[in-house]
Every structure is written in C-alpha cells, then in structure tokens.
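Observations on the three-dimensional arrangement
One-letter residues, chain by chain:
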Amino acid sequence: MLTGAIAGPVFTSPPVSSIVAAILAVAHAGAEGVLLIVKNYTGDRLNFGLALEKARGEGVEVEIIVIGDDCAFTSPKKAGRRGLCGTILVHKIAGALAEEGKSLKEILHAVKSASSMIGTLGVSLLPCSVPGSGPTFNLAADELELGLGIHGEAGVRRGKMMTSDDVVKVMIDHMTDQSSQSRVDVKPGDSVILVVNNLGGLSCLELQIVAGSAVCCLEGRSLHIERIMLGSFMTALEMSGVSLTIMKCYPELVRLYDCKTTAPAWPRISQCPVTRQTQTIPCAPKTILSEEPEPNSVSVQIYRRVLGCVCLALLNLEEELNDLDRAAGDGDCGSTHSRAAYAIQDWMKLQQIPSHPAKLLIALSQVLLEKMGGTSGALYSLFLTAAARPLQSECGSAAWASAMDEGIKAMKRYGGAEPGDRTMLDPLCAAGNVLVSLRNPHCDFMQTLKSAVEGAAKAAEETRHMTAGAGRASYIGSSSLSRPDPGAIAVAAILKAINDSLGDK
C-alpha cells in the first residue's frame with residue numbers, strides 16, 4: 001500500500017518540511033515517481049501542494065491526487081467535498097498498481113477514475129475530545145449527528161436516536177439521493193465495495209450490527225456487494241460513531257482490491273462476493289402444548305392477575321436492580337428481568353393462558369428460556385420446569401409446597417449454589433421453608449404465603465452481609481459488596497407481587 005506516511009499534530013496538516021523529507025526519502029530509495037494521496041482539507045492541500053513544488057524543484061517526479069468522498073453536503077461549496085475513509089480504497093488500488101510496475105501517470109489516471117465512484121458518510125452518538133480540550137461539539141443523550149468529518153467537526157444534520165437499521169437507511173438514502181451533487185451514483189444491479197469504519201469509540205459488537213444493517217439495506221436496493229470490510233481505518237480519536245463508504249466497482253477494481261498486501265492494518269478479507277452468500281434455514285417447528293378443551297376461566301383470571309402484578313413489579317424495579325448489579329456484575333439484572341416481564345406480557349396477549357398449573361409453569365419456563373436470556377433466564381426456567389412436575393397430578397396446597405421444593409432442588413443441583421451464597425436462592429429457600437406448612441391440610445394458605453413473603457424479603461436484605469459463594473459476584477472482593485444481591489431482591493419482589501395480587505381472594 002503506502003510507502004510512506006507523514007503525521008502532523010492532532011487534526012492538523014503536517015508541516016511542509018516533513019512532507020518534503022518523506023518525498024525525498026522515498027525518491028532516494030529508488031522510486032521512479034511519487035504519488036501524494038491527500039484528503040481534501042485546505043491545510044492539507046496547501047502544505048502538500050507546496051511540498052510537491054519543492055520536491056519537483058529537487059528533480060523528483062511527483063504527482064498529487066486530492067480525495068473528496070464526503071456525501072454530507074448536497075451542494076458542496078467552493079472548498080469541495082472533504083476527504084474521508086474512502087481514501088483508504090485509493091491507497092489500496094494505487095499500491096496494487098505500483099506493485100505491478102505501472103507508471104506514475106497510469107496510476108494517477110486509474111485512481112482518479114476510482115475516486116470519482118466513492119462516497120462516504122459518517123454518523124456519531126458522541127463527539128470526540130482533542131487532548132487537553134473538551135468535546136468538539138455537544139450532543140444530547142438521545143441525539144445523533146449525521147454527516148460529520150474526521151477532525152471532530154459537527155455534521156450537517158442532527159436527529160433523535162434510532163435503531164441501527166433506521167440509521168443506516170437514513171445514511172444510504174442521503175448518500176444516494178439523486179438530487180445531491182455529492183451522491184454515490186449507483187443504480188439497481190450495480191456492484192459495490194462496502195467499508196464499515198469505526199470512528200474510534202464503537203465496540204466490535206456495534207460495528208458488526210451496523211455492518212449487518214448496511215448489507216441488508218444495500219441488498220434491498222438490488223445492489224451487488226462484491227466485498228465488505230469493517231474495522232478502525234480512519235478514526236476521529238475516541239468518537240463513538242461509524243462511517244459507511246460505498247465504492248461502485250467493476251472487475252478490474254475488485255482485482256486490485258483483492259491483491260495481497262503486507263500492510264498490518266489491512267484486514268484479511270474473503271475474496272468472494274457478500275451478496276448471495278446468505279442462506280435462510282427455517283427453524284424446527286416449536287413444540288406446542290396441547291390446549292385444554294375447556295380451561296377453567298376462574299383459574300385463568302387469577303393467573304392473569306398474578307402475572308400482571310409480577311410483571312409490573314419487575315418493570316418498576318429495573319433501575320434499582322441495575323444499580324445494585326453494577327457493584328457485583330455487569331449492571332443488567334434489572335434489564336434482564338424487565339425483558340422477562342415484557343415477554344410475559346406479550347405472551348399473555350397472544351396466547352391462551354392454560355388453567356392447569358403444570359401447563360402454566362411449563363409455558364412460562366419456555367417464554368423465559370427464549371426471551372429472558374442469561375443465567376437468570378436459565379435458572380428461572382429450570383425452577384419452573386422442575387416445579388411443574390408435582391402439579392401434574394395434584395393441584396392442592398400440598399402440591400404447591402412440593403412444587404416449590406422441587407424447583408429449589410433443581411436450582412441447587414444445576415446452579416451449584418446453596419443458601420448463604422448470596423444469590424436468588426436465599427429468599428427462595430427462606431420462602432420454601434415456610435411453605436412446607438402447606439402440607440398440613442388445616443394450614444391457612446394466605447397467612448402461610450404472607451409469612452413466606454416476609455421471610456423472603458428478610459433473607460434478600462440479609463444478603464448484603466454475606467460473602468458471595470456463587471455467580472459473578474463471587475469474583476468480587478467481599479469488601480466491595482455492601483448492598484443486597486439484585487437477584488435476591490428480584491425474587492423477593494416476585495413473591496410479594498404474588499401475595500399482593502391474591503390478597504384475600
């Protein structure tokens with residue numbers, strides 16, 4: 001790719017003397033000519049242009065190409081389009097041609113043609129900060145900036161936060177707008193190379209999500225994606241954003257793009273088209289529980305009321321649980337339980353609630369296993385699956401006590417925790433110890449349930465004094481854990497919601 005690169009201060013063109021020194025170093029090493037690939041910014045044009053004139057005065061054959069691939073401005077001003085990430089494609093094509101021994105004039109002609117078919121557009125969720133200074137612009141937490149450059153400057157449009165699919169659609173609509181003078185002129189059936197560039201602060205996961213959205217969007221417009229690459233190729237310090245580059249291509253450009261290079265930051269890319277490589281394989285049909293011929297409407301009404309109260313309690317606790325979890329985990333306990341609550345609410349809207357308790361628990365275990373996710377989803381599903389067994393043949397108070405007992409045993413067996421390990425098992429076991437009384441036929445069900453709920457709340461609160469023996473919190477120093485376990489608080493809240501929803505009914 002490049003034989004030399006000249007660095008200046010942050011977001012500033014390098015000094016002329018440094019550029020001249022680089023040109024002469026390359027020329028003295030035996031180069032027949034030197035091509036300067038410059039991004040279109042005033043300082044760069046001036047300094048590289050002056051360096052070119054000085055180098056020519058020294059007898060060096062030098063040419064320059066100024067790259068302007070920015071699609072942000074629909075009517076570019078006199079300064080023209082800015083040079084952005086599309087510049088790296090010019091580096092690659094020029095480097096491949098040079099390696100093949102092409103003349104400076106041939107390389108210049110080829111890259112001028114290629115650069116005219118490139119467009120780039122950036123979007124950011126957060127600005128960057130020049131070392132020693134504050135943010136280069138301000139964005140609200142629910143806003144994003146469209147059409148920004150690579151030097152921390154603000155964009156051309158500001159909008160509200162959107163999903164990745166929606167953001168990418170807005171970007172590609174803007175880049176291909178037929179009324180824009182800065183558009184990438186593509187039409188259905190054209191072949192393109194796509195670059196998804198990290199502006200500095202995105203995670204690998206976020207970049208992959210944007211790449212997936214971009215592929216779907218371009219293929220939805222009947223464009224053929226010959227190649228795709230993603231990574232940090234042209235960044236703006238720690239800016240939390242991404243740019244998309246589209247280059248309209250033909251077989252010769254693809255061949256040059258595929259040429260091998262030892263440049264360390266150039267990714268290993270599959271030399272086959274992206275389009276038509278994806279296959280959709282239908283999932284196996286889900287096992288559907290047999291429907292009850294005549295469900296008990298009273299039981300269904302009770303279950304609906306109980307589940308509604310449980311969901312509401314978990315949604316109200318989301319922030320508190322997340323806050324508790326930040327001290328001992330990854331801060332998502334509340335979000336995970338909220339996801340479960342929303343999933344149950346959706347299930348109740350779309351499915352017939354079984355009136356048989358065993359079928360109800362099995363159905364709920366499946367919902368949580370599929371939608372809740374994480375360790376909590378697996379543990380709750382395991383608990384409900386095991387708890388359903390005693391209820392298959394009996395439905396009385398004693399059966400519910402056995403259900404609680406079986407659920408706890410399953411969690412202990414597969415989860416590896418015990419009471420006292422500072423987990424969700426602490427309130428569950430406290431409640432289970434009280435619910436054993438339900439095996440007595442003369443036991444007052446609601447009074448026993450109330451006592452179980454009180455015991456669970458007390459046990460959840462006492463986890464603040466425990467040393468974590470299982471789960472992610474067990475890797476944290478005990479001195480850092482001075483608040484209750486979030487999973488335990490969630491369980492106590494669920495049991496309280498069940499009790500409150502039943503009341504004296």
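Residues numbered from 1 in each chain as written. Predicted model: local features only at pLDDT ≥ 70, side-chain atom pairs only at ≥ 80, totals over all residues. Heavy atoms only, no water.

**Regarding the overall build of the chain**
The criterion, for reference: Only runs of H or I of at least four residues qualify as helices and only runs of E of at least two qualify as strands under DSSP, and these elements are numbered from the N terminus. As defined in this context, the radius of gyration uses C-alpha atoms, and a globule is described by 2.2 Å times the residue total to the power 0.38. Using a 1.4 Å probe on the protein chains alone, a residue whose accessible area is under 20% of its type maximum counts as buried, one over 50% counts as exposed, and one in between counts as partly exposed. Surface accessibility in these figures is a Shrake-Rupley result with a 1.4 Å probe; residues are shielded only by whichever protein chains are displayed. Under this rule, positive means Lys or Arg and negative means Asp or Glu; His and the chain ends count for nothing. Charge positions are represented by NZ for Lys, CZ for Arg, CG for Asp and CD for Glu.
Counting its secondary structure elements, the chain contains 16 helices and eight strands. Relative to the compact-globule value of 23 Å for 505 residues, the chain shows a C-alpha radius of gyration of 32 Å, a clear excess of over 25%. Viewed in the frame of its principal axes, the chain has a C-alpha envelope of about 105 × 55 × 40 Å. Looking at the chain residue by residue over its 505 residues, the buried ones come to 47%. Carbon and sulfur atoms form 54% of the exposed surface of the chain, whose accessible area is close to 25300 Å². For the chain, the separation between the mean place of its 46 positive charges and that of its 52 negative charges on side chains is 3 Å.

**Some remarks on the packing of helix α12 (residues 374-388) against helix α13 (residues 397-415)**
Here is the rule: The convention used is that axes are lines fitted to C-alpha atoms, helices contributing only their stretch in contact, and that angles between N-to-C directions extend from 0 to 180 degrees. In these notes the angle categories are as follows: under 35 degrees is roughly parallel, over 145 is roughly antiparallel, 65 to 115 is roughly perpendicular, and the rest is oblique. The hand of a helix crossing depends on one turn: near helix anticlockwise from the far one by less than a right angle means left-handed, and clockwise means right-handed. Should any heavy atoms of two residues lie within 4.5 Å, those residues are considered in contact. Three categories are distinguished: nonpolar for Ala, Val, Leu, Ile, Met, Phe, Trp, Tyr, Cys and Pro, charged for Asp, Glu, Lys and Arg, and polar for the others, with Gly belonging to the last.
Running from amino to carboxyl end, α12 crosses α13 at an angle of 135°, the nearest separation of the two axes being 7 Å. With respect to α13, the element α12 is oriented oblique. Handedness of the α12/α13 crossing: right-handed. Together, Leu-379, Leu-382, Phe-383, Ala-386 and Ala-387 of α12 and Ala-403, Met-404, Glu-406, Gly-407, Ile-408, Ala-410, Met-411, Tyr-414 and Gly-415 of α13 make up the contact between the two elements. For the contact of α12 with α13, the residue count by class is 11 nonpolar, two polar and one charged.

**Focus on helix α2 (residues 42-57)**
This is how the line gets drawn: What a helix should span is 1.5 Å times the count of its residues minus one. Read the arc as the range of directions from the helix axis to the C-beta atoms.
The terminal C-alpha atoms of α2, which comprises 16 residues, lie 23 Å apart, in line with the 22 Å expected from a rise of 1.5 Å per residue. Three or more residues of α2 are buried, namely Asp-44, Phe-48, Ala-51, Leu-52 and Ala-55. Buried positions in α2, seen along its axis, are confined to an arc of 105° and lie on one side of it. The outward face of α2, more than 90 degrees from its buried face, is lined by the exposed residues Leu-46 and Gly-57. In this fold, the buried residues of α2 make contact with α1 (16-28), β1 (34-39) and β2 (62-67). Among the residues trailing α2, Gly-59 stands out with phi positive, at a value near 90°.

**What about the sheet that holds strand β4 (residues 143-146)?**
Going by this rule: A strand pair is defined by DSSP finding two or more bridges across the two strands.
With mixed pairing, the six strands of this open sheet are ordered in space as β5-β4-β3-β8-β6-β7. The open sheet has two edge strands, β5 (157-160) and β7 (224-231), and neither has a second partner. Shown here is a sheet whose adjacent strand axes are inclined to one another by a mean of 20°, direction ignored. Two elements, strand β6 (residues 191-198) and strand β8 (residues 240-248), share seven bridges in a ladder whose sense is antiparallel. Its bridge partner lying in β8, Asn-197 is registered against Ser-243. The strands that helix α5 (residues 164-175) touches are β3 (118-126), β4, β5 and β8; relative to β3, the one it contacts most, it runs at about 145°.

**Quick look at the environment of Ala-398**
With respect to the helices, strands and loops of the structure, Ala-398 is situated in helix α13. Separated by 45 residues in sequence, Ala-398 and Cys-443 have C-alpha atoms that sit 9.9 Å apart. In contact with Ala-398, other than residues within four places in its own chain, are Leu-438 and Arg-439.

**A few points about the side chain of Asn-322**
Mapped onto the secondary structure, Asn-322 falls in helix α9 (residues 318-326). Not counting residues within four places of it along the chain, the set of residues in contact with Asn-322 comprises Gly-331, Asp-332, Cys-333, Gly-334 and Ser-335.

**Let's talk about the pattern of salt bridges**
Stated formally: One speaks of a salt bridge when a side-chain nitrogen belonging to Lys or Arg is within 4 Å of a carboxyl oxygen belonging to Asp or Glu.
Applying the stated criterion to the full structure yields 24 salt bridges. With a closest N to O distance of 3.0 Å, Asp-142 and Lys-160 form a salt bridge. Within this pair, whereas Asp-142 is found in the loop between β3 and β4, its partner Lys-160 is found in strand β5, the two being separated by 18 residues in sequence. Judged by relative accessible area, Asp-142 falls into the partly exposed class, the value being 38%. One salt bridge in this structure joins Arg-158 and Glu-145, with 2.6 Å as the shortest N-O distance.

**A few points about the packing of aromatic side chains**
Basically, it comes down to this: The criterion for an aromatic pair is that two Phe, Tyr or Trp rings (for Trp, the six-membered ring) have centres within 6.5 Å, with stacked assigned to planes under 30 degrees apart, edge-to-face to planes over 60 apart and tilted to the rest.
Tallying each qualifying case throughout the model produces one aromatic pair. Where Tyr-257 meets Trp-266, the ring centres are 5.6 Å apart and the plane angle is 70°; that geometry is what we call edge-to-face. Residue Trp-266 is classed as buried on the basis of its relative accessible area, which comes to 14%.

**Quick word on the pairing of β8**
Summarising burial for β8: eight of the nine residues are buried, a large majority. Pairing between β3 and β8: eight bridges, direction antiparallel. Bridge pairing links Gly-122 to Ser-243 in β8.

**Remarks on the nonpolar core**
The cut-off we apply is this: We call a set of buried Ala, Val, Leu, Ile, Met, Phe, Trp, Tyr and Cys residues a nonpolar core when their side-chain atoms join them within 4.5 Å.
Counting residues in hydrophobic clusters, the biggest one holds 64 residues, and the most contacted among them are Ile-344, Trp-347, Tyr-380 and Phe-383. Per-element accounting of this core gives the leading share, 10 residues, to helix α16 (residues 486-502). Once residues lying within four places of it in the same chain are set aside, the contact partners of Ile-344 are Leu-307, Cys-311, Leu-364, Val-367 and Leu-368. Val-90, Ile-107, Ala-114 and Val-195 belong to the second largest nonpolar core, which has 34 residues in total.

**Topic: α5**
For α5, spanning 12 residues, the distance from its first C-alpha to its last is 16 Å, which sits close to the expected 16 Å at 1.5 Å a residue. Restricting attention to buried positions, one finds in α5 the residues Val-167, Val-168, Met-171, Ile-172, His-174 and Met-175. Projected down its long axis, α5 carries its buried residues within an arc of 160°, all on one side. Here the buried face of α5 lies against β3, β4, β5, α6 (204-220) and β8.

**Notes on unusual backbone geometry**
Phi is positive for Ser-222, which is not a glycine, with a value near 65°. Backbone geometry at Leu-237 places phi at a positive 55°, although glycine is not the residue there. Tracing the backbone shows Leu-237 in the loop between β7 and β8. You can call Leu-237 partly exposed: its relative accessible area is 32%.

**A look at the UniProt feature "domain: DhaK" (unreviewed entry) in the chain**
Convention followed: UniProt positions are given in the numbering used here, feature names are shortened, and annotations may be inferred rather than shown by experiment.
Under the UniProt annotation, the feature "domain: DhaK" (unreviewed entry) is placed at residues 1-266. Split by type, residues 1-266 is 34% helix and 20% strand. Its first and last C-alpha atoms lie 9 Å apart.

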